[in-house]
Amino acid sequence: MAYRTFVRSILLALGLVALSGCGINSVPTAEEEAKARWADVQSAYQRRADLIPNLVEVVRGAASSEEEILTQVIEARASATQTQLTTDDLNDPQAIQRFDQAQSQLGGALSRLLVTVERYPELQSQARFADLMVQLEGTENRIEVARNRYNEAVQNYNTTIRTFPATIAANVIYGAEPMEGFQAEAGSEVAPDVDLSDLSGGGNAAAPANDNSAEGQAATGTDN
């Protein structure tokens, strides 16, 4: 009896080792990493969305005649915040495309707004506006870093579920499907042009070379 128990224990251990070698652990690990990186993407875009109402308020106070472009930004923000994806949608290319298009439209509206406010030196000289520009620049950098890290995690996951022997667990146990990354469509990854060199009218408000802020760290891909 003891011998049979021992044999069963050995066979169970060997079975677990075999399953581990077939990707029973590596597949969900790669999947969870991709989902975590997607959460970072959403957080970065939400950070931008949170900045926009304050930016619109400041610009409207000094440049009320630019109501049309302000309205475009507000509408683009509403569309972007309404176009949400869950982790269950990450294998749907059309859902990813809709999300990316909505965010790209908001980025384009912001770019047009920033070009417009260049005609208002009194606005650019305001400390609150300058601070918002620094935060926006840092946020756009965060978005780029988060998207790149998500794409890397998706590539790793997709490679894992297609590579032997992990593909055995991916298909037999998990029914895994490839995830979709962001595509390098023209203009979709171009951050709004935030030029800090003229905020004070004389170039003194440019961002410092050694940025130790969270935004600056995100721009270099380092973590807080």
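Residues numbered from 1 in each chain as written. Predicted model: local features only at pLDDT ≥ 70, side-chain atom pairs only at ≥ 80, totals over all residues. Heavy atoms only, no water.

You'll find the chain entered in an unreviewed UniProt entry as LemA family protein, with Alteriqipengyuania lutimaris given as the organism. What UniProt states about the chain under its Subcellular location (unreviewed entry) heading is, verbatim, "Membrane". If you open the UniProt record of the chain and go to Sequence similarities (unreviewed entry), you find "Belongs to the LemA family." (UniProt positions renumbered as here; feature names shortened; annotations may be inferred.)

Trainee: When you look at the side chain of Thr160 in this model, what are you seeing that I'm missing?
Mentor: Within the fold, Thr160 resides in helix α6 (residues 127-162). Owing to a relative accessible area of 15%, Thr160 belongs among the buried residues under this scheme. A polar side-chain atom of Thr160 sits 2.7 Å from the main-chain carbonyl oxygen of Asn156. Apart from residues lying up to four places away in sequence, Thr160 is in contact with Ser26, Val27, Ala30, Ala166 and Thr167. (Helix = DSSP H or I, 4+ residues; strand = E, 2+ residues; numbered from the N terminus. Buried < 20%, exposed > 50% of the residue type's maximum accessible area, 1.4 Å probe, protein only. Polar contact = N/O pair within 3.5 Å; in protein donor to acceptor, adjacent residues only side chain to side chain. Contact = heavy atoms within 4.5 Å.)

Trainee: When you look at helix α4 (residues 93-116) in this model, what are you seeing that I'm missing?
Mentor: One turn of an α-helix holds 3.6 residues; hence residues three or four places apart share an orientation. Helix length check: α4, at 24 residues, gives a terminal C-alpha distance of 34 Å against a target of 34 Å (1.5 Å per residue), a fit within 8%. The residue sitting at the N-terminus of α4 and contributing the capping side-chain oxygen is Asp92; that oxygen lies 3.0 Å from the backbone nitrogen of Gln94. (Expected span 1.5 Å × (residues − 1).)

Trainee: Quick question: what am I supposed to make of unusual backbone geometry here?
Mentor: Backbone phi values are negative for most residues with the exception of glycine, while trans is the configuration of most peptide bonds. For the bond running from Phe164 to Pro165, omega is 5°, close enough to zero to count as cis. Take Pro165: it is sitting in the loop between α6 and α7 (166-172).

Trainee: Would you explain the pattern of salt bridges in this entry?
Mentor: For side chains bearing opposite charge, pairing can occur when the charged atoms are close. What the rule picks out here adds up to 8 salt bridges. Two residues, Glu140 and Arg48, come together in a salt bridge whose shortest N-O distance is 3.2 Å. Of the two residues, Glu140 sits in helix α6 while Arg48 sits in helix α2 (residues 26-62), which places them 92 residues apart along the sequence. Of the two residues, Glu140 and Arg48, both sit in the buried class. Of the charged contacts, one joins Arg147 and Asp100 as a salt bridge, the two residues approaching to 3.0 Å between their closest N and O atoms. Residue Arg147 is located in helix α6, and its partner Asp100 is located in helix α4; the two are separated by 47 residues in the primary sequence. A relative accessible area of 3% places Arg147 in the buried class. Classification of Asp100 as buried rests on a relative accessible area of 5%. (Salt bridge = Lys/Arg side-chain N within 4 Å of Asp/Glu carboxyl O.)

Trainee: Would you explain a nonpolar patch on the surface in this entry?
Mentor: A cluster of nonpolar side chains, contributed by Phe164, Ile168, Val172, Ile173 and Tyr174, occupies part of the molecular surface with about 520 Å² of accessible area. Turning to its location among the elements, Phe164 is positioned in the loop between α6 and α7. (Patch = residues over 30% accessible without salt bridge, like charges linked within 9 Å, V, L, I, M, F, W, Y side chains within 5 Å. Areas by Shrake-Rupley, 256 points an atom, 1.4 Å probe, with all protein chains shown as cover.)

Trainee: Looking at this structure, how should I read the packing of helix α3 (residues 67-82) against α4?
Mentor: A pair of packed helices can be characterised by two numbers: the angle between their axes and the separation between those axes. The interhelical angle for the contact between α3 and α4, taken along N-to-C directions, is 160°, at an axis separation of 8 Å. Classified by the angle their axes make, α3 and α4 are roughly antiparallel. Between α3 and α4 lies a crossing whose hand is left-handed. On α4, the residues that touch Ile69, Leu70, Gln72, Val73, Ala76, Arg77, Ser79 and Ala80 of α3 are Ala102, Gln103, Gln105, Leu106, Ala109, Leu110, Arg112, Leu113 and Thr116. Residues that form the contact of α3 with α4 fall into these classes: 10 nonpolar, 5 polar and 2 charged. (Axes fitted to C-alpha atoms, helices over the stretch in contact; angles between N-to-C directions. Parallel < 35°, antiparallel > 145°, perpendicular 65-115°, else oblique. Left-handed = near helix turned anticlockwise from the far one by under 90°. Nonpolar A, V, L, I, M, F, W, Y, C, P; charged D, E, K, R; others polar.)

Trainee: For this particular structure, what's the right way to read the environment of Val41?
Mentor: Inspection of the secondary structure puts Val41 in helix α2. Note: C-alpha distance between Val41 and Ile143 (102 residues apart in sequence) is 6.3 Å. The residues contacting Val41, other than those within four sequence positions of it, are Ala146, Arg147, Tyr150 and Phe182.

Trainee: Please explain the UniProt feature "coiled-coil region" (unreviewed entry) in the chain as it appears in this structure.
Mentor: Cross-referencing UniProt, the feature "coiled-coil region" (unreviewed entry) maps to residues 129-156 in the present numbering. Taken as a whole, residues 129-156 contains 100% helix and 0% strand, while its terminal C-alpha atoms sit 41 Å from one another.

Trainee: Honestly, the packing of aromatic side chains in this entry has me stumped. Any pointers?
Mentor: For the structure on display, the rule yields 6 aromatic pairs. A ring pair is formed by Phe99 and Phe182, whose centres lie 6.5 Å apart and whose planes are at 40°; its orientation type is tilted. Here Phe99 is found in helix α4, whereas its partner Phe182 is found in the loop between α7 and α8 (214-219), with 83 residues between them in sequence. Residue class for Phe99 comes out buried when judged on its relative accessible area of 1%. For Phe182, a relative accessible area of 6% corresponds to the buried category. Chaining the aromatic ring pairs together yields one cluster made of Trp38, Tyr45, Phe99, Tyr150 and Phe182. (Phe/Tyr/Trp six-rings, centres within 6.5 Å; stacked < 30°, edge-to-face > 60°.)

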